[in-house]
Structures are given as C-alpha cells and as structure tokens.
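The chain contents come next:
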Amino acid sequence: MDTTSKQQADARDATSAGEQALPPIPEGEDRETLLDYYYQMVLVRHFEEKSAEMYTKAKIGGYCHLNLGEEATVVGFSAGLEPADYVYTNYREHGYAIARGISPGAVMAELFGKETGCSHGRGGSMHLFDLQHRFMGGYAIVGGQIPLATGVAFAVAYRGSREVVACQMGDGTTNTGAFHESLNLAKIYHLPIIYFVVNNLYGMGLRVEQGSAVSELYRKACAYDMQSWRVDGNDVLAVLDTIRTAAALAREKHEPSLVEAVSFRFRGHSVVDPDRYRDKEEVQKGRASDPIAEFAARLMAAGLLDENGTREIEERAQQEVDAAVKFADESPFLSVEEFMRDLSGYVYAPDEAAVKGA
Amino acid sequence: MAEITYRQALHDGLREELLRDENVFLLGEEIAVFEGSYKITAGLLKEFGPKRVVDTPIAENGFVGMATGAAMLGLRPIVEIMTINFIVLAMDEIVNHAAKIYAMFGGQCPIPLVIRTPGGGGQQLAATHSQNLEVWFAHVPGLKVVAPSTPADAKGLLRTSVRDNNPVIFLENLALYNTKGEAPTDGYMVPIGQAKVTKEGTDLTVLSYSRMAAVALDVARRMEQENQLSIEVVDLRSLRPLDQETILNSVRKTNRAIVFEEDWRSFGIGAEIAALLQEEAFDDLDAPVKRVASLEVPLPYSKPLELATLTGAKQLVDAIKELAPRRSRHLSVSPTLLP
C-alpha cells in the first residue's frame, strides 16, 4: 500500500493536545524565516480577531468563518509552496489569502465589500481571489473547489510547466463526490496537486467520526493508490515539512498526494455560531494547546525569540491589522450607477478582440 | 458549399478548432478510444493524440469542474456530456462555479469553456434519457446557451463558442445528427445571441430552436403551399443571450406568435418569449401568444405514449390553424376562401 503515515506519531487530536512535550526547533533553520512564520501566525490571529469584531459592528456581512486556532496549519501550508504555485481553498480562507501574500488591507476591504477588495467587493469573506498571487479562490460550496483545482493541475501538466496546485478543504469535504471524483482524476492523469485536508474535528457541528466511515481521513487516499500523510496541524514546521515533501512529489514526479492536518478551531463554525455542540472541556483543552503560544515557546527554548521580540511582533501585527481596517473603511464602494451601467460586462468576460482592444 | 450532416459539421468544427489553437482540447466519456457515443469525435484521437482528446471516467461533476479549472488557466476545453440527462450530475460545477467565477472574483478570471451535449426524445429511451433541460442553463447569468438546428449553424456556432471567453452550453439534439444541410467550408462564424429568420412570412411567426426549428421550417413551407398561409420562421439559435430584436421585429410585422419547443411548457422558453412579447410588443399582438410544447410527464417508453407526449409537426399545424384564422376575420375576404 502506498499510503503512508510518516508523521502519524506527531498527529494528535484535541483531547490529547497539550499533554505532549513540544518538539525542539530542528537545527539549521534560518532564524529570520522562523520568525517570519511566527509573525504570519500572529498576523492571522489578530486579523481574525479583528474580523470577528468588525462583524459584530456590521462592517462585515454574510457569513464569516475564521482561522482562529488554525494558524500553524495555515502558515505551514503556505510556506511549503512556491510563489508560482496555485492555491485553492474553501470558505475559511482569510488566513490563507494573507499567508499567500495578499495584503491584509485588500482582504479586509473585501470583507467590507469595497471596490479595493481582492475580489473587488463581489465575493466577500467566502470568495477571496487574487490571480497575481495565484490565490485561485475561496469557494463556499463544500467540495466545489476540488475539481477546479484538479483542472488547474491538468492545465499545468498539459503545458508541461513545473507549478504545483495545492487544494485546501475541510474534513467534511472528504465525504463529497467531488472529493472522490477528483482524487481519481488526479491519479489517472498524474496531476501535480496536493489535496490538503484540514481536519478540525467538526464539519459545522458533526464530529468527523459521525460523518465519515474512516475518521483518519488521510487513509481515504489509499482508494486512489495515492500517497498521503497525517500531520499535527498545530505544528507549523511539521505542516511545512509535509507540504514540501508533497510538493516535491508533485513537481518532480507529477504525482498527486493528500495531506491531512489535524487542527482545532477555537470558536464556532462561523462568527455567529455559539458552539453549543462541543464540550466545554474539549474546547478548553483545544485552546490550551494554542499553536502560536507553542511555537513561541519553542522559539524561546531555542534562543531565537525573547519577551521583547514577542511583544514587538504582536505590536507590528496589530498595526498591520489596524492599517488594514483603516484602508478598508476609507475605501469606496463601487457606485450603484457604475454597476448598473454595464450588467452584461459585470457577468461576462469580453471576447478576445475586445481584450486586445480591437 | 458542400452538403454535410449535422454530425459531420460538428466533427469538422471540432477538428478545425483543434488544428487552429493548441489550447483547445476535448474531454468527455468515451470520446477518444470509443470515438464518441454518437461518433462526433470519430478519428480525432488518431489525429491529435491522447493529450488533446481525453477520455474521462464516469464522473461528470469531476471532469466538468476539471475542465472549468483548466479554463481558469487559459486552456479552452470542449467537454462532451454524452447526453444532457447526465449534465444534471455536473450542475454544481456549471452553475455554482463556471457561471460565477468571472463575476464573483471581480473579473479577474474568464472561463473559456464549451460544454456540448445532445438533448431530445423520440428514440424510446424513456424518461431519464430524453430530456430537454436547456431552460435550466438559459436561466443562469454567466452562462451562454446556443441551440443550432442546421449543420451550417452547428459549425458556425461551435467556432464562435470555442473562441468565446465564457462558458457556453452547446445544445445538440440526437434526432439532428443525421440531418443534412449545406455548410460553408471557409472560416464561417455565427455570432452568439443572433437569431435567424429562416423563412419570411406575414401571417404569423413561429419562434423555435434546435430540432423544432427544423420541424417548424418544414411545416411552414408545407402550409404555405397547402393552406396559402404566409408563415415566418425565426430560429432563435441562441437562448442566452436571446435575440430580442429579431423576435420583436418579426412579431411586430406578423402580429401573431407561436413558440414551438420540445421542452416542457411550464416555465419554458415559450413562457419567457411570451412574457417578452407582452412587455415589449403588447400593442402589436392581434392574438395571445401560443406555446406548443411537450406534455408535462416523464417521457414514457411505450412508442404510442412517447409519440403522444412529444410535440411535433402535428401539434404545430394544429396551433397554426387555430391562430391563423383569427387574422382572417380582419380581412375582407369571402368566408368560403378560408382554409
């Protein structure tokens, strides 16, 4: 069987989290890079806390799903990819967009529905997009992004270029037909894609083992003779390492693979979810193994970070988020008049001649 | 101009687009090794190889989504869905994704995708293999829907669809594949969103598309000879966008309209056109708009019942006879001359 569980020993579920000794920082890692991962994680944390606040202030509408608690998963995933690689995600994607390099201002402006948002205010929280950063979209129909991402991998293979596609999804997604159809397609066509399953133990309120006949989700890849790994989603370096391995497999061998990151969301499914279906104790334990605090402790133990450094990073992240809110607030909405002027142009892409200015 | 079948027109159109643009590729169930359930793609695997003519497993949502993703990177996939009935399995990728991505992400990413699929009944394939679901797609902003009735239009619209930067549902019909017509061989293109008056007339207008447009033309020619009725036939060719101008111009001239469609009557193409006519040409209408469509049942297998269910020439003739005599009341002719 090709399915492996290289890092299964590292993986844990929320109930056992916090009881294990933190692994040391591997030797040979560059300090600046490590501190940047830490900064990214703190930035995502602050951004999401601010998003929740802006939601309660009605600056953000619709649904709003946060990456709180998943920062190590988010940053490890993004750091394992190259700038030219393509990323698809589900609707819990603010952090991924930021970690991909989209400015927090453009993300916050999108949440505010402003023209300066990364999807020009047309997508909102669940539909962030930025072609320049090869962030190919947040998708809000569970599983909808998986065939699309598989198609970009198909196009990469068709053109013989060396990019990798990484397709993030939640645990519940692995029960959809789109998931299974896509894994099969990727394997038969040998596509350079990583399916990245964030197992935060619940699909909305349904526990993974209630919704999935196989609750170790990485095992599902074996049906497609596809290599897969389960990794501790609280460990940014473990996630990064696994993504790098998967990316190399895709880039060099044109083989798809699946990575399951076991993570934990600190709050409910969305901002408005009171989270009544999870035990208080389970949530407390999950929050106690905060991936940011744990990474800080590891960096400190390695002598790479001190209290001052932590404070400085916190402040810098807070400033960046405040600036993002200011930018979003001050940005204009697209005028209704302008919107109404060309509805067809809103919906349909111009033809080639028009694109070329003919 | 050579006379070719509708099937040959599609085949030639696909082949020419494959030759023209390296970004064009075909994918679908049984299109390569098996050469297509209806042999539209016969010979193309041999000529272009498995990279350009791709067999897929039976996974409509998966491979339609995969084609949409490939289009996001600028490839120009032409998907074949074996029959329109199977497209239902791919509705999420078509309606929620292919149709939305350009607008929802702020115009950053066009989807140059064509999905070809035949609809239609009459072959005793029963309820799940005989549907006309074009309205599902014509309803959705972000999609374009074309439904050619002749080999020339099939080829011309296929070329245009492949070069369009938006998802196009290209509706074919099983009963049209063997029909013949003249088709130009030079780079002939038919614009999307342009109907065609296939026969001029003054007494009433029959508006139709796909196979029923061909039936309508036959009926109109016959009734002109046999009943001295001057019937105008408009082949819509595109359902979205709909060529309102051609529709309205015709009905403003004839003052009577029948919409002739193979799909179910309720909420159908006829309902849309009747609404358009009452909104935009109310004062030009001398009679209510008539809809001639199929009976609203899942299509039975039994031949007599299938025939009774599907609309066709007879139903159109009846409707024309019902609508046309009303006009004669305004004419100062002897009642004995009436049909």
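Cut-offs and rules
Residues numbered from 1 in each chain as written. Chains lettered and ligands numbered in written order. Predicted model: local features only at pLDDT ≥ 70, side-chain atom pairs only at ≥ 80, totals over all residues. Helix = DSSP H or I, 4+ residues; strand = E, 2+ residues; numbered from the N terminus. Rg over C-alpha atoms; globule rule 2.2 N^0.38 Å. Contact = placed C-beta atoms within 7 Å. Pairing = 2+ DSSP bridges. Axes fitted to C-alpha atoms, helices over the stretch in contact; angles between N-to-C directions. Buried ≥ 20, exposed ≤ 12 C-beta atoms within 10 Å, placed from the backbone. Expected span 1.5 Å × (residues − 1). pLDDT = per-residue confidence, 0-100.

A few points about the overall build of chain B
Here is step 1: A tally of helices and strands in chain B yields 12 helices and 14 strands.
Here is step 2: Its C-alpha atoms give chain B a radius of gyration of 20 Å, near enough to 20 Å, the size a compact globule of 339 residues would have.
Here is step 3: For chain B, the C-alpha atoms occupy an extent of roughly 70 × 45 × 40 Å along the three principal directions.

Section: the interface of chain B and chain A
Here is step 1: Between chain B and chain A, the residue contacts involve 33 residues of the former and 34 residues of the latter.
Here is step 2: Mapped onto the side of chain B that touches chain A, the elements with two or more residues apiece are helix H3 (60-72), helix H4 (91-98) and helix H5 (101-104) of chain B.
Here is step 3: Looking at which element gives the most residues to the side of chain B that touches chain A, the answer is H3 of chain B, with 10 residues.

Concerning the sheet that holds strand S14 (residues 290-294) of chain B
All names here are of chain B.
Here is step 1: Strand order in the open sheet formed by five strands is S9-S11-S10-S13-S14, and the pairing between neighbours is mixed. On the outer flanks of this sheet lie strand S9 (196-199) and S14, each paired with one strand and no other. Taken pair by pair, the neighbouring strands of this sheet meet at an average axis angle of 25°, ignoring direction.
Here is step 2: As judged from the four bridges shared by strand S13 (residues 257-264) and S14, these two strands associate in the parallel manner. Along S14, the bridge assignment pairs phenylalanine 260 with valine 292.
Here is step 3: Strands S9, strand S10 (204-208), strand S11 (231-235) and S13 of the sheet are contacted by helix H8 (residues 210-227), whose axis makes an angle of about 165° with S11.
Here is step 4: The sheet contacts of helix H10 (residues 269-280) involve S10, S13 and S14, and relative to S13 the element is tilted by about 155°.

Regarding unusual backbone geometry
Here is step 1: With an omega of -5°, the peptide bond between arginine 240 of chain B and proline 241 of chain B qualifies as cis.
Here is step 2: Position of proline 241 of chain B among the secondary structure elements: in the loop between strand S12 (238-240) and helix H9 (244-254).
Here is step 3: For alanine 58 of chain A, which is not glycine, the phi dihedral falls at a positive 65°.
Here is step 4: As for its position among the elements, alanine 58 of chain A is in the loop between helix H1 (31-56) and helix H2 (71-79).
Here is step 5: For alanine 58 of chain A, a count of 7 C-beta atoms within 10 Å puts it in the exposed group.

Side note on H10 of chain B
Because an α-helix completes one turn every 3.6 residues, residues spaced three or four positions apart along the sequence face the same direction.
Here is step 1: Along its 12 residues, H10 of chain B runs 16 Å from first to last C-alpha, staying within 8% of the 16 Å computed at 1.5 Å per residue.
Here is step 2: Considering only its buried residues, H10 of chain B is in contact with helix H6 (134-138), S10, S12, H9, S13 and S14 of chain B.

Points about the confidence of the model for chain A
All names here are of chain A.
Here is step 1: For chain A, the average pLDDT comes to 92, and 92% of its residues sit at 70 or higher.
Here is step 2: In the model, residues 1-18 has pLDDT below 50 throughout and makes 49 contacts with residues more than four positions away in sequence or in other chains.
Here is step 3: Within the model, pLDDT remains below 50 along residues 353-358, and this stretch shows two contacts once partners closer than five positions in the same chain are excluded.

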